[in-house]
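Each chain is listed here by its residues.
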Amino acid sequence: MPKLDLDAIAHEPDSDYPEPFRAAAAGRLVRVLSHAGGLTDFVATHVTVPPGGWSSQRHWHEEEDEIVLVVSGEGTLVDNAGRHPLRAGDVATFAKGDGNAHHIANDGAAPLVLFALSLPERGRVHYPDIGMAWTPGGDMVEER
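Residues numbered from 1 in each chain as written. Predicted model: local features only at pLDDT ≥ 70, side-chain atom pairs only at ≥ 80, totals over all residues. Heavy atoms only, no water.

**Student:** Go over the sheet that holds strand E11 (residues 132-134), please, and point to the residues and values.
**Tutor:** Taken together, four strands build an open sheet; the order of strands is E3-E10-E11-E12 and the sheet is antiparallel. On the outer flanks of this sheet lie strand E3 (60-61) and strand E12 (140-142), each paired with one strand and no other. Of the pairings in the sheet, the one linking E3 to strand E10 (residues 125-127) comprises two bridges and is antiparallel in character. Following the sheet pairing, Trp 60 is matched in E10 by His 126. (Pairing = 2+ DSSP bridges. Helix = DSSP H or I, 4+ residues; strand = E, 2+ residues; numbered from the N terminus.)

**Student:** Can you tell me about the sheet that holds strand E6 (residues 82-87), naming the residues and giving the values?
**Tutor:** The three strands are arranged E6-E5-E8 in an open sheet whose pairing can be described as antiparallel. Among the strands making up the open sheet, the edge pair consists of E6 and strand E8 (103-105). Between one strand axis and the next, the sheet turns through 35 degrees on average, direction left out of account. Where strand E5 (residues 74-79) meets E6, six bridges bridge the pair, whose relative direction is antiparallel. Considered in E6, the bridge of Leu 77 is made with His 84. (Axes fitted to C-alpha atoms, helices over the stretch in contact; angles between N-to-C directions.)

**Student:** Lay out the nonpolar core with the relevant residues and their values.
**Tutor:** With 13 residues, the main nonpolar core has Val 68, Leu 77, Ile 104, Leu 112 and Leu 114 as its most contacted residues. Elements that contribute at least two residues to this core include exactly strand E2 (43-49), strand E4 (66-72), strand E7 (91-94) and strand E9 (112-118). Looking at this core, the element that brings in the most residues is E9, giving three residues. Apart from the residues within four sequence positions on either side, Leu 114 is in contact with Thr 45, His 46, Val 47, Val 49, Ser 55, Val 68, Leu 69, Val 70, Val 71 and Ile 104. The next biggest cluster of nonpolar side chains, apart from the first, holds seven residues, and it includes Tyr 17, Ala 25, Tyr 127 and Trp 134. (Core = buried A, V, L, I, M, F, W, Y, C linked by side-chain atoms within 4.5 Å. Buried < 20%, exposed > 50% of the residue type's maximum accessible area, 1.4 Å probe, protein only. Contact = heavy atoms within 4.5 Å.)

**Student:** Please provide a residue-by-residue account of the pairing of E9, values included.
**Tutor:** For E9, a buried count of five out of seven residues is recorded, marking the element as mostly surrounded by other parts of the structure. Sheet analysis places E2 next to E9, joined by seven bridges and oriented antiparallel. Bridge pairing links Val 43 to Ser 118 in E9. Two strands pair when backbone bridges link them, and E4 and E9 are joined in this way by six bridges, in the antiparallel orientation. By the bridge assignment for E9, Ile 67 is matched with Leu 117.

**Student:** An account of the layout of surface pockets is needed here, citing residue identities and associated values.
**Tutor:** Of the pockets and cavities examined, the largest pocket occupies roughly 900 Å³. Taken together, 33 residues line the largest pocket, and the ones lying closest to its centre are Arg 28, Val 30, Thr 45, His 61 and Glu 121. At the level of elements, strand E1 (29-32), E2, E4, E8, E9 and E10 are the ones that each hand at least two residues to the lining of the largest pocket. Per-element tally for the lining of the largest pocket: the top contributor is E9, with four residues. Of the residues contributing to the lining of the largest pocket, the split by class is 18 nonpolar, 10 polar and five charged. (1 Å grid on protein atoms, 1.4 Å probe; cavity = no way out; pocket = protein on both sides within 12 Å on 5 of 7 lines; lining within 4 Å. Points joined across faces, edges and corners; volume = space filled by probe spheres on them. Nonpolar A, V, L, I, M, F, W, Y, C, P; charged D, E, K, R; others polar.)

**Student:** Mind laying out a nonpolar patch on the surface, listing which residues take part and the relevant values?
**Tutor:** A grouping of Leu 39, Phe 42, Ile 67, Leu 69, Val 71, Val 91, Leu 117 and Leu 119 is seen on the molecular surface, where their side chains present a nonpolar patch of about 590 Å² in accessible area. It is E4 that contributes the most residues to the nonpolar patch, three residues altogether. In this structure, Leu 119 sits in the loop between E9 and E10. With a relative accessible area of 33%, Leu 119 lands in the partly exposed category. (Patch = residues over 30% accessible without salt bridge, like charges linked within 9 Å, V, L, I, M, F, W, Y side chains within 5 Å. Areas by Shrake-Rupley, 256 points an atom, 1.4 Å probe, with all protein chains shown as cover. Salt bridge = Lys/Arg side-chain N within 4 Å of Asp/Glu carboxyl O.)

In structure tokens form, the structure reads like this:
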């Protein structure tokens, strides 16, 4: 059946960052909707960020565009240009290779729910604030 039961989809680990960088994304719930639906051409995720949490460490993708829709709650997009408020219905886009490191912080009192869409990772993902990168092999490596 094409309709997915969100509650039946297991969530990914809350953070794959090494210590001491794990805490910022601890408690987030990431459900990969595309995998649950048997889709392989793109990656669609449903992300719930608890109050005080982050969607991820600030990052940018070499080879994958990314689009994020705020489903519910309020947050702050933090990127190279500063801080930008987000609320339900807002959309943020991130062009591949532009070097604009970004994440979304939940500054509110309620969970922040996001829907994100991109291609499967095939290029390096840079995390400039923590001096690390994710490689296409699935490893986090130091990058200074």
